[in-house]
Amino acid sequence: MKPGLSLRVSQHLSLTPQLQQSIQLLQLSTLELAQEVEQMLVDNPFLERDDVDAPMNAPSMEAAAAESMSTSDSYSSESEYSSTQAASETIAETPAAETPETLDWSGDGADGQDGEWGGESSSEWDGPSSSGSRKSDGDEETDAIDLAREHESLSDFLHRQALSLRLSAEDCAALRFLIESLNDDGYLEEPLADLAHSLAGDDLEEREELEQRFAMALKLLQSLEPVGVGARDLAECLQLQLRDLIRLAEDEGTTAKHWDVLQLALSMCCQPMDLLARRDMRKLSSLCGAREEALREALALIARLEPRPGRRFVDVERHIVVPDVIVRPVRVGSGRMEFSVRLNTEVMPRLKVHDIYAGVLRRHKNSEGHAALQQRLQEARWFIKNIQQRFDTILRVSEAIVERQKNFFVHGELAMRPLVLRDIADALGLHESTISRVTTAKYMATPQGTFELKYFFGSGLGTETGGSASSTAVRALIKQFVDAEDTKKPLSDAKLADMLKEQGIECARRTVAKYREQLKIPTTTLRKAL
């Protein structure tokens, strides 16, 4: 080929470091943002907290949870006002939503030509201190975080009981090993042979010895509280609890009828679990040799057992949701209900540029390494500006959601309107991907409860009038139908579809089945009363 020159025109998208950081911060959750702030404070010497007396190692969950709980209490009375129109005078008028203050770049030592913002300014976020709203009367109220911190784990509870057993060093070690091998529900999922193999390897004699010690330790483990702990499967868990009830009945005495029910329940739990799940009375009756009436009593007893012995020891702190946005009802003229939307200041970090370091850098422009330090100063300003932009975007999106789903905040799920990401994106002049990032792992405390922002989006189903109904509202309607059904004759999916059609909503049976599964509502066979 003959070499030659050619001119080509093309377009490509280039993301600046500031834009990349803005996108990254936007999709972070509250906890992830706190970790990112901590890391940036360590890496960048020009960045510091505005209030050093109130460090933000993590979002102030205690104060945020307490505020969310207190607002929920006030929400209950105000939501009654909106539905009954009879208690309008009881709703106190609250101030309008406050937006975060704009950045003030005073005192950072910047010269007039530094960076894209220009002018002498400081990067201070004048948000309220996260420690300011902590309750002083902590003795009177105990919030969920305090309870979680004092919560004892299942392994700690079992280890404490094991201390009262007089065991040899080998048996004690085997018992401790099994305790540490339990899952959160209290089950021992791995077979004893696999546990022994993980310790002894290919040494057959040692593996056999370990299996014997583990078998003895397992019996000791299953004798501890809570009853059923250490079971290998659901059937064994139920059997352990029933045997404990039988021993208790032997010690304290019981009626002959109750004794027969206990024995029958134990016999039923020795059968395949799928028969119990399907409530196959005919098959169980032939296997257990009992009448159907007695089987129903035994099945009712089994239903009262605990299938997850470790449930009450699960750490509750990880399930606590701290809202990013708080919505409050506001009474306006003529009895109309409006809602104020504000950011939760407890999760907003207070940052600023380090005044002393920035001033020194300005006075030593010609020193070695000035350019690198100037870049670090600029990164600190970018970081603070991007954090403010993150919260501003969350607030804008939340306000748009509240404006379009106002009926939900007044009447609940049944009043939810169809809403997609494009609707909010077009209204705010943003891209759908931006709205998706904003609504992921961000939460809103409302009069109806605390929800992820994504919860307010849903597709629409056609109606007879030519309009559309939100899928969230349809699911709420299905749940309402099921809650009001006759448990002796539960509603089938086809019947639920017909009932929705009577309400003017076109919904196929398969769609009803999908929504029912999303609501974790069992089938008619499992919902049927015994």
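Keep in mind that this is a model prediction, so the values were computed, not measured. (Residues numbered from 1 in each chain as written. Predicted model: local features only at pLDDT ≥ 70, side-chain atom pairs only at ≥ 80, totals over all residues. Heavy atoms only, no water.)

Novice: Can you break down the overall build of the chain residue by residue, with the values?
Specialist: Across its full length, the chain carries 22 helices and 10 strands. The burial tally for the chain puts 42% of its 530 residues in the buried class. For the chain, the share of sequence-separated contacts (at least 6 apart) that also reach a separation of at least 24 residues comes to 67%. For the chain, the exposed surface amounts to about 29500 Å²; the carbon and sulfur share of it is 49%. (Helix = DSSP H or I, 4+ residues; strand = E, 2+ residues; numbered from the N terminus. Buried < 20%, exposed > 50% of the residue type's maximum accessible area, 1.4 Å probe, protein only. Contact = heavy atoms within 4.5 Å. Areas by Shrake-Rupley, 256 points an atom, 1.4 Å probe, with all protein chains shown as cover.)

Novice: So what's going on with the packing of helix α10 (residues 256-269) against helix α13 (residues 292-303)? Residues and values would help.
Specialist: Following both chains from N to C, one finds α10 and α13 inclined at 75 degrees, their axes separated by 8 Å at the closest point. Between α10 and α13, the interaxial angle falls into the category roughly perpendicular. Touching Lys257, Val261, Leu262, Leu264, Ala265, Met268 and Cys269 of α10 are Ala294, Leu295, Glu297, Ala298, Leu299, Leu301 and Ile302, all from α13. Considering only residue class, the contact of α10 with α13 consists of 12 nonpolar, no polar and 2 charged. (Axes fitted to C-alpha atoms, helices over the stretch in contact; angles between N-to-C directions. Parallel < 35°, antiparallel > 145°, perpendicular 65-115°, else oblique. Nonpolar A, V, L, I, M, F, W, Y, C, P; charged D, E, K, R; others polar.)

Novice: Please give an account of the nonpolar core that cites residues and values.
Specialist: If you look at the biggest cluster of nonpolar residues, it comprises 50 residues, and the most contacted ones within it are Leu47, Leu351, Phe383, Ile424, Met444 and Phe456. With 12 residues, helix α15 (residues 370-404) is the largest single contributor of residues to this core. In terms of nonpolar packing, the next biggest core, distinct from the first, is built from 23 residues, Met281, Leu284, Ala290 and Leu305 among them. (Core = buried A, V, L, I, M, F, W, Y, C linked by side-chain atoms within 4.5 Å.)

Novice: Describe the packing of α15 against helix α18 (residues 432-439), naming the residues involved and giving the relevant values.
Specialist: Across the interface, α15 lies against α18 with an axial gap of 10 Å and an inter-helix angle of 95 degrees. What the angle tells us is that α15 and α18 run roughly perpendicular. In this structure, α15 uses Thr393, Ile394 and Val397 to contact α18, whose residues at the interface are Thr434, Ile435, Val438 and Thr439. When its residues are assigned to classes, the contact of α15 with α18 shows 4 nonpolar, 3 polar and no charged.

Novice: Could you give an account of the packing of aromatic side chains, with specific residues and numbers?
Specialist: Per the stated rule, a full pass over the model turns up 12 aromatic pairs. Measuring from centroid to centroid gives 5.4 Å for Phe177 and Phe214, while their planes differ by 15 degrees, and the two rings are stacked. Here Phe177 is found in helix α6 (residues 169-180), whereas its partner Phe214 is found in helix α8 (residues 204-222), with 37 residues between them in sequence. Judged by its relative accessible area of 25%, Phe177 falls in the partly exposed class. Ring plane angle 75 degrees and centroid distance 5.3 Å describe the contact between Phe408 and Phe409, whose orientation is recorded as edge-to-face. Exposure remark for Phe408: the relative accessible area of 1% places this residue in the buried category. Through a chain of ring-to-ring contacts, the aromatic side chains of Phe339, Phe408, Phe409, Phe451, Tyr455 and Phe456 assemble into a single cluster. The ring centre of Phe391 lies 5.0 Å from the NZ or CZ of Arg390, which sits over that ring. (Phe/Tyr/Trp six-rings, centres within 6.5 Å; stacked < 30°, edge-to-face > 60°. Lys NZ or Arg CZ within 6 Å of the ring centre and 35° of its normal.)

Novice: Requested: an account of a negative patch on the surface, with residues and values cited.
Specialist: On the surface, a cluster of negative charge is made up of Glu189, Glu190, Asp194, Asp202, Asp203, Glu205, Glu206, Glu208 and Glu211. If one sorts the elements of the negative patch by residue count, α8 sits on top with 4 residues. Of note, Asp194 is situated in helix α7 (residues 192-200). (Patch = residues over 30% accessible without salt bridge, like charges linked within 9 Å, V, L, I, M, F, W, Y side chains within 5 Å. Salt bridge = Lys/Arg side-chain N within 4 Å of Asp/Glu carboxyl O. Lys, Arg positive; Asp, Glu negative; His and termini not counted. Charge placed at Lys NZ, Arg CZ, Asp CG, Glu CD.)

Novice: Could you give an account of α10, with specific residues and numbers?
Specialist: The terminal C-alpha atoms of α10, which comprises 14 residues, lie 20 Å apart, in line with the 20 Å expected from a rise of 1.5 Å per residue. Buried within α10 are the following residues: Val261, Leu262, Leu264, Ala265, Leu266, Met268 and Cys269. Close packing links the buried residues of α10 with α9 (234-252), α11 (273-278), α12 (281-288) and α13. (Expected span 1.5 Å × (residues − 1).)

Novice: Outline the sheet that holds strand β4 (residues 325-331), listing residues and values.
Specialist: In space, the 4 strands of this open sheet follow the order β5-β4-β7-β8, with mixed pairing throughout. Two strands in the sheet have a free side with no partner beyond their single neighbour: β5 (337-343) and β8 (449-452). The sheet shows a mean angle of 25 degrees between the axes of neighbouring strands, taken without regard to direction. Here β4 runs beside strand β7 (residues 443-446); their pairing, made up of 2 bridges, is parallel. Residue Ile326 lies in a different strand from β7, and its bridge partner there is Ala445. On the sheet, α15 packs against β4, β5 and β7 and is oriented at approximately 165 degrees with respect to β5. (Pairing = 2+ DSSP bridges.)

Novice: Quick one: what's the story with a nonpolar patch on the surface, residue by residue and with numbers?
Specialist: Taken together, Leu13, Leu15 and Leu19 make up a surface patch of nonpolar side chains, about 300 Å² in accessible area. Tracing the sequence through the fold places Leu19 in helix α1 (residues 17-26).

Novice: Any chance you could break down the pattern of salt bridges for me, citing the residues and the numbers?
Specialist: A complete count under the given rule lists 20 salt bridges for this structure. As a salt-bridge pair, Glu38 and Arg49 come within 2.2 Å of each other at their nearest N and O atoms. Linking Glu38 in helix α2 (residues 30-43) with Arg49 in strand β1 (residues 47-49), this pair joins segments that are 11 residues apart in sequence. Overall, the relative accessible area of 23% leaves Glu38 in the partly exposed class. For Arg49, a relative accessible area of 18% puts it in the buried group. Of the charged contacts, one joins Arg422 and Glu432 as a salt bridge, the two residues approaching to 2.8 Å between their closest N and O atoms. Here the residue Arg422 occupies a position in helix α17 (residues 421-428), and Glu432 occupies one in helix α18, the gap between them amounting to 10 residues. Overlapping salt bridges bring together Asp171, Glu209 and Arg213 as one network.

Novice: Describe the environment of Ile23, and please don't skip the residues or the numbers.
Specialist: Positionally, Ile23 belongs in helix α1. By relative accessible area, Ile23 is classed as partly exposed at 27%.

Novice: Provide a residue-level description of the confidence of the model for the chain, including the pertinent values.
Specialist: Per-residue confidence for the chain gives a mean pLDDT of 80; residues scoring 70 or more make up 79%. A low-confidence stretch, residues 52-142 (pLDDT under 50), is modelled with 172 contacts involving residues beyond four sequence positions or located in other chains. (pLDDT = per-residue confidence, 0-100.)

Novice: Tell me about the side chain of Arg516, and name the residues and values.
Specialist: Examined against the element boundaries, Arg516 turns out to sit in helix α21 (residues 509-518). Take Arg516: its relative accessible area is 7%, and that puts it in the buried class. The contacts of Arg516, once residues within four sequence positions are left out, are Asp493, Ile521, Pro522, Thr523 and Arg527.

Novice: Can you lay out the layout of surface pockets for me, pointing to particular residues and giving the numbers?
Specialist: The computed volume of the largest pocket comes to approximately 380 Å³. Along its surface, the largest pocket is lined by 13 residues, and Leu276, Ala277, Leu299, Ile302 and Ala303 are the ones closest to its centre. In terms of residue class, the lining of the largest pocket is made up of 12 nonpolar, no polar and 1 charged. (1 Å grid on protein atoms, 1.4 Å probe; cavity = no way out; pocket = protein on both sides within 12 Å on 5 of 7 lines; lining within 4 Å. Points joined across faces, edges and corners; volume = space filled by probe spheres on them.)

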